[in-house]
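Each chain, written out:
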Amino acid sequence: MVEKRDYYEILGVDKGSTKKDIKKAYRKLAMEYHPDVSEDPQAAEKFKEISEAYAILSDEEKRNTYDQHGHAGMSGFSQEDIFNNINFEDIFRGFGFGGSSRGGGGFENIFDIFGFGGGRRNGPQQGDDILYEMEITLEDAANGLENNIEVPHKMTCPRCNGSRAEPGTDTRTCDVCGGSGQVRQVQNTPLGQFATIRPCGNCRGEGSIIDRPCTECHGNGIVRQKSTINIKIPPGVEDGSRLRVPSEGDVGKRGGPPGDLYVHVRVKPHNLFQRDGSNLHYEQPISFVQASLGDKVEVPTLDGAVDLKIPSGTQSGTSFRIKGHGMPHLRWNGKGNLYVKVKVVTPKKLSPKQKELLQEFADISGDEIYNEEKGFFGKVKDAISH
Ligand SMILES: [Zn+2]
Ligand SMILES: [Zn+2]
């Protein structure tokens, strides 16, 4: 029988400490001895000790009883009674214990240590989600894509089928814990029975002993392997979309459900088209002759070239809409549009003959070219001639 230490001494605080001081002292010690972070083999015991001290001293009624009667005064409280006022979530918030994205901040561990809510550690656990990055072309995004991808994830070992034992060898029920994977330790103290439930050390919490571990998974029951998974990317998928493929994440533990696979879709930039939601934009160079006289030009689209009529007198920068040649809408039928912006290209080199003709054109035209823009060019001319 070990004599119980004084609660104030355990937390290293004075008898007159405020609730705030006590919480601060406990948090500091709890960080040190939390079994998820401490290397100390006695960490769980120490953690339990400080938690009990905190549970008593942070509760006014219990603290009064303890101050008056010491440990003897606590005999009326069960373990559950002692801890019922601690809000562990509040204490460990932000410390990220537990590791798993689904974890509740180290709770499972805490409850295992204290022995209520027992069995959580050995219960079914959902597998982790996994993320797969995938890069596709704009064409693929437009047409949709069905593809087989190779995804590495944790799976049930195919050799032992998850039993952890080499096929054909024996698996025995652990005779220390009787197959439950847990042991209950009961300490008799003057204050009554003190029970803790912890993972069985003999079978490491698995409930069974294997004579020869499976050679493929080394007795884990789980292997990391690539699986071929068929995925369908819908037409119109946006860059940055995440597709959920249920149950293709990591396998669950102890019969828990598997996690999900998330496929993160990246759409590569296209060398001709800029995407804006379900619309596409394209810049079409035309000559000043085409712009002046009008013409029919071939414009590329994601579904082949289409003819675009350039009306005579088209200005550089004018945008034309080609209906239904954009990207498919993701949530409803139909497609967005392709916007073709024409850019009038001025020739850089002219043959003597071309120069001659252009000069002739200028002579004939005079001021006429600018008639439509009289307002603007007129002002410029006025400004120059003065
Ligand atoms: Zn195996
Ligand atoms: Zn066992």
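Keep in mind that this is a model prediction, so the values were computed, not measured.

Participant: Please clarify how the overall build of the chain should be interpreted in this entry.
Facilitator: Check the secondary structure of the chain and you find 11 helices and 15 strands. Within the span of the chain, comprising 386 residues, buried residues form 37% of the whole. Across the chain, contacts joining residues at least 24 apart in sequence account for 64% of those joining residues at least 6 apart. In the form shown here, the chain has an accessible surface area of approximately 23,400 Å², with 48% of it arising from carbon and sulfur atoms.

Participant: Quick question: what am I supposed to make of the coordination of the zinc ion (ligand 2) here?
Facilitator: Ideal geometry at a metal centre gives angles of 109.5 degrees when four donors are arranged tetrahedrally and 90 or 180 degrees when six donors are arranged octahedrally. Protein ligation of the zinc ion (ligand 2) involves Cys174 (SG), Cys177 (SG), Cys200 (SG) and Cys203 (SG), the donor distances falling in the range 2.3 Å. Taken together, the four donor atoms coordinating the zinc ion (ligand 2) and their angles of 102 to 116° define a geometry best described as tetrahedral. Taken in sequence order, the residues that donate to the zinc ion (ligand 2) follow the motif C-x2-C-x22-C-x2-C. Here Cys177 is found in the loop between strand 3 (171-173) and strand 4 (182-189), whereas its partner Cys200 is found in the loop between strand 5 (192-199) and strand 6 (208-210), with 23 residues between them in sequence. Residues Cys177 and Cys200 agree in their burial class; the two are buried.

Participant: What is the right way to look at the packing of aromatic side chains in this model?
Facilitator: The geometry of an aromatic ring pair is captured by two quantities: the separation of the ring centres and the angle between the planes. Going through the model one piece at a time under the given rule, you end up with four aromatic pairs. Ring plane angle 45° and centroid distance 4.5 Å describe the contact between Tyr7 and Tyr66, whose orientation is recorded as tilted. Taken as a pair, Tyr7 in helix 1 (residues 7-11) and Tyr66 in helix 4 (residues 60-69) lie far apart in primary sequence, 59 residues in all. Here Tyr7 and Tyr66 have matching classes, each one buried. Consider the rings of Tyr26 and Tyr54, whose centres lie 4.4 Å apart with planes at 5°: the pair is stacked. With Tyr26 in helix 2 (residues 19-33) and Tyr54 in helix 3 (residues 43-57), this residue pair connects regions lying 28 residues apart in the sequence. The two residues Tyr26 and Tyr54 agree in class, both being buried. When the ring centre of Tyr262 is taken as origin, the NZ or CZ atom of Arg242, which lies over that ring, is 4.9 Å away.

Participant: So what exactly am I meant to see when it comes to the nonpolar core here?
Facilitator: Most often, soluble globular proteins keep nonpolar side chains buried together rather than apart. Of all hydrophobic cores here, the largest spans 35 residues; its most connected members are Ile136, Val263 and Val299. In terms of residue count, strand 9 (residues 261-267) provides more of this core than any other element does, four residues in total. With sequence-adjacent residues up to four places away left out, Val299 is seen in contact with Tyr282, Gln284, Gly304, Ala305, Val306, Leu308, Ile322, Leu338 and Val340. Residues Ala25, Ala30, Tyr66 and Met74 belong to the second largest nonpolar core, which totals 22 residues.

Participant: Quick question: what am I supposed to make of the pattern of salt bridges here?
Facilitator: One pass over the structure, following the stated rule, counts 11 salt bridges. Ionic pairing is found between Arg198 and Glu45, a salt bridge with its closest N-O pair at 3.7 Å. A residue pair is termed long-range when its members are at least 10 positions apart, and Arg198 in strand 5 and Glu45 in helix 3 qualify at 153 residues. Asp211 serves as the salt-bridge partner of Arg172, at 3.5 Å between the closest nitrogen and oxygen. Remark: Asp211 occurs in the loop between strand 6 and strand 7 (222-233) and Arg172 occurs in strand 3; sequence separation between them is 39 residues. Using a relative accessible area of 44% as the deciding quantity, one classes Asp211 as partly exposed. One connected set of salt bridges, linked through shared partners, spans Arg5, Glu9 and Glu49.

Participant: Please explain the sheet that holds strand 8 (residues 242-245) as it appears in this structure.
Facilitator: Whenever strands of a sheet pair, they do so through backbone hydrogen bonds, lying parallel or antiparallel. Strands sit in the order 1-9-8 across an open sheet of three strands; the sheet is mixed. Since the sheet does not close on itself, it has two edges, and those belong to strand 1 (130-136) and strand 8, each with one partner. On average, each strand axis in the sheet is inclined to that of its neighbour by 25°, with strand direction left out of account.

Participant: Would you mind showing me how to read the coordination of the zinc ion (ligand 1) here?
Facilitator: At 2.2 to 2.3 Å from the zinc ion (ligand 1) lie its protein donor atoms, namely Cys157 (SG), Cys160 (SG), Cys214 (SG) and Cys217 (SG). Note that the zinc ion (ligand 1) binds four donor atoms; their angles at the metal cover 104 to 118°, and the shape is tetrahedral. In primary-sequence terms, the residues that donate to the zinc ion (ligand 1) follow C-x2-C-x53-C-x2-C. Of the two residues, Cys157 is situated in the loop between strand 2 (145-156) and strand 3 and Cys214 in the loop between strand 6 and strand 7; the sequence distance between them amounts to 57 residues. Cys157 gets classed as buried once you look at its relative accessible area, which sits at 0%.

Participant: Where do I start with helix 2 in this structure?
Facilitator: Relative to the 21 Å expected for 15 residues at 1.5 Å per residue, helix 2 spans 21 Å between its end C-alpha atoms, a close match to the ideal helical length. Of the positions making up helix 2, those classed as buried are Ile22, Ala25, Tyr26, Leu29, Ala30, Met31 and Tyr33.

Participant: I'm lost on the pairing of strand 11 (residues 279-287) in this one. Help?
Facilitator: Both faces of the sheet carry side chains from a regular strand, because those side chains alternate between them. Judged by which residues are buried, strand 11 turns out to be one-sided: Leu280, Tyr282, Gln284 and Ile286 face inward and are buried, whereas Asn279, His281, Glu283, Pro285 and Ser287, on the alternate face, are not. Where strand 10 (residues 274-276) meets strand 11, three bridges bridge the pair, whose relative direction is antiparallel. When the bridges of strand 11 are listed, Gln274 appears paired with His281. Strand direction decides the pairing type here: strand 11 and strand 15 (residues 338-345), joined by eight bridges, are parallel. Opposite Ser287, over in strand 15, you have Val345 as the bridge partner.

Participant: I tried to follow helix 4 on my own but got confused; where do I start?
Facilitator: Residue pairs three or four apart in sequence face the same way in an α-helix, which turns once every 3.6 residues. Turning to helix 4, its buried residues are Lys62, Arg63 and Tyr66. Take helix 4 and look down its axis: the buried residues cluster within an arc of 100°, on one side only. Opposite the buried face of helix 4, by more than 90 degrees, sit the exposed residues Glu60, Glu61, Gln68 and His69. Gly70 occupies a position one or two residues after helix 4 and carries a positive phi of about 65°.

Each value, and the rule that gives it
Residues numbered from 1 in each chain as written. Chains lettered and ligands numbered in written order. Predicted model: local features only at pLDDT ≥ 70, side-chain atom pairs only at ≥ 80, totals over all residues. Heavy atoms only, no water. Helix = DSSP H or I, 4+ residues; strand = E, 2+ residues; numbered from the N terminus. Buried < 20%, exposed > 50% of the residue type's maximum accessible area, 1.4 Å probe, protein only. Contact = heavy atoms within 4.5 Å. Areas by Shrake-Rupley, 256 points an atom, 1.4 Å probe, with all protein chains shown as cover. Donors = N, O, S within 2.8 Å, 3.2 Å for Na, K, Ca; no water. Tetrahedral: all angles 85-135°; square planar, octahedral: opposite > 155°, others 65-115°. Phe/Tyr/Trp six-rings, centres within 6.5 Å; stacked < 30°, edge-to-face > 60°. Lys NZ or Arg CZ within 6 Å of the ring centre and 35° of its normal. Core = buried A, V, L, I, M, F, W, Y, C linked by side-chain atoms within 4.5 Å. Salt bridge = Lys/Arg side-chain N within 4 Å of Asp/Glu carboxyl O. Pairing = 2+ DSSP bridges. Axes fitted to C-alpha atoms, helices over the stretch in contact; angles between N-to-C directions. Expected span 1.5 Å × (residues − 1). Arc of directions from axis to C-beta.

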